[in-house]
Amino acid sequence: MKLKTLQKALVAGVLAMTSGYAMQASAAPIFSFTEYGGFSPDVPAGVVYSGAVNDPLSHPTTVYNTMSWVAGQTPQSSLVLSTVTGPAALPENTWTTISTLTHNNIVIPSAFNWSGQDVWGRFIITDSNGGPSVRLDSDDAITLSFVETPNQAPCPSPNPNGSTCDDHFTFTANGLNSLGFAANDGSHWIADFRLANLVNAVLISSTVYTAEANSSHLDVQAMVRQVPEPATLTLMGLGLLGLGFAKRRRNS
């Protein structure tokens, strides 16, 4: 008898949880995204900006898709930001690349460091369920600082790419913070962000190390996931209560 009670409680708990999630999944919105991004002209000395970004939704200042820093008067190393100006599909629970940052790391004979560089990004999510509607419009920036290391051994540690010697960027993660939004049907969602697909680059904490005399790449990716609704959490709680009740009866 006790075993049958436990089995019934298990079935009730599982049905409660799965039915709650099924109700959410059946009304899943159809998301798409657009990403505009560029470098603000923040570093006054020795940096050249090019490739003005055309943001049809308007940005208060002009931003650029390329910044180059120079030795003498010749542009040398550069950062290039390419974005998915879409609209492009944004499936739920799937990491999707929204922009790519490329560092063309040219050997510079003398050290050239800079800081305070804002990489602006405007990320827009549209929900097509029941008619297109913008559900998220965020334009947080990531701030970069850069260190050009001496190009001779021994290299400063760490030197994870093993080049002579890895340069490195340090950045604030403000532009990678999770963002909450509501879909057309009133369901609640979270957009998460991460750095991924690093080529000739290694991420350690908040610093990206890039190989000297190489082109390095990294992707910024986004993923949307649904936040369980209160009704679903209640159903889950009832199922767990049933399990606890059955266990108490069995122990007694």
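Conventions and cut-offs
- Residues numbered from 1 in each chain as written.
- Predicted model: local features only at pLDDT ≥ 70, side-chain atom pairs only at ≥ 80, totals over all residues.
- Heavy atoms only, no water.
- Disulfide = S-S within 2.5 Å.
- Helix = DSSP H or I, 4+ residues; strand = E, 2+ residues; numbered from the N terminus.
- Buried < 20%, exposed > 50% of the residue type's maximum accessible area, 1.4 Å probe, protein only.
- Core = buried A, V, L, I, M, F, W, Y, C linked by side-chain atoms within 4.5 Å.
- Contact = heavy atoms within 4.5 Å.
- Phe/Tyr/Trp six-rings, centres within 6.5 Å; stacked < 30°, edge-to-face > 60°.
- pLDDT = per-residue confidence, 0-100.

So, on to the state of the cysteines. The tally for this structure, following the rule as stated, stands at one disulfide. Disulfide pairing is shown between Cys155 and Cys165; the S-S distance is 2.1 Å. Its torsion about the S-S bond being -80 degrees, the disulfide of Cys155 and Cys165 is classed as left-handed. One end of the pair, Cys155, is in the loop between β9 (141–147) and β10 (167–171); the other, Cys165, is in the loop between β9 and β10, with 10 residues separating them in the sequence. The class for Cys155 is partly exposed, based on a relative accessible area of 24%. We classify Cys165 as buried; its relative accessible area is 0%.

This part takes up the nonpolar core. Within the largest apolar cluster, 39 residues are counted, with the highest numbers of intra-cluster contacts made by Trp69, Leu79, Trp114, Phe123 and Ile125. Non-local contacts of Leu79, meaning those with residues more than four positions away in its chain, are made with Phe39, Asn65, Thr66, Met67, Trp69, Leu101, Thr102, His103, Trp114, Leu144 and Phe169.

A few words now on unusual backbone geometry. Residue Pro158 follows Ser157 across a cis peptide bond; omega there is 0 degrees. Mapped onto the secondary structure, Pro158 falls in the loop between β9 and β10. Even without being a glycine, Asn93 presents a positive backbone phi close to 60 degrees. Structurally, Asn93 can be placed in the loop between β5 (88–89) and β6 (96–104). Positive phi, normally seen in glycine, also occurs at Asn197, with a value near 55 degrees.

What follows concerns the packing of aromatic side chains. All told, the structure shown has 10 aromatic pairs when counted by the stated rule. With a centroid separation of 4.9 Å and an interplanar angle of 50 degrees, the aromatic rings of Trp69 and Phe146 are classed as tilted. Here Trp69 is found in strand β3 (residues 64–71), whereas its partner Phe146 is found in strand β9, with 77 residues between them in sequence. One exposure class covers both Trp69 and Phe146, and it is buried. When the ring of Trp114 is compared with that of Phe146, the centres are 5.4 Å apart and the planes differ by 25 degrees; the resulting orientation is stacked. Separated by 32 residues along the polypeptide, Trp114 in strand β7 (residues 114–127) and Phe146 in strand β9 bring together distant segments of the chain. Comparing Trp114 with Phe146 shows no difference in burial state: the two are buried.

In the predicted model, the protein carries a mean pLDDT of 82, and the fraction of residues at 70 or more is 75%. In the predicted structure, residues 9–26 sits below a pLDDT of 50 and forms 20 contacts with residues beyond four places in sequence or in another chain. Overall, residues 231–236 carries pLDDT values under 50, and its contacts beyond four positions in sequence, including any with other chains, amount to 10 contacts.

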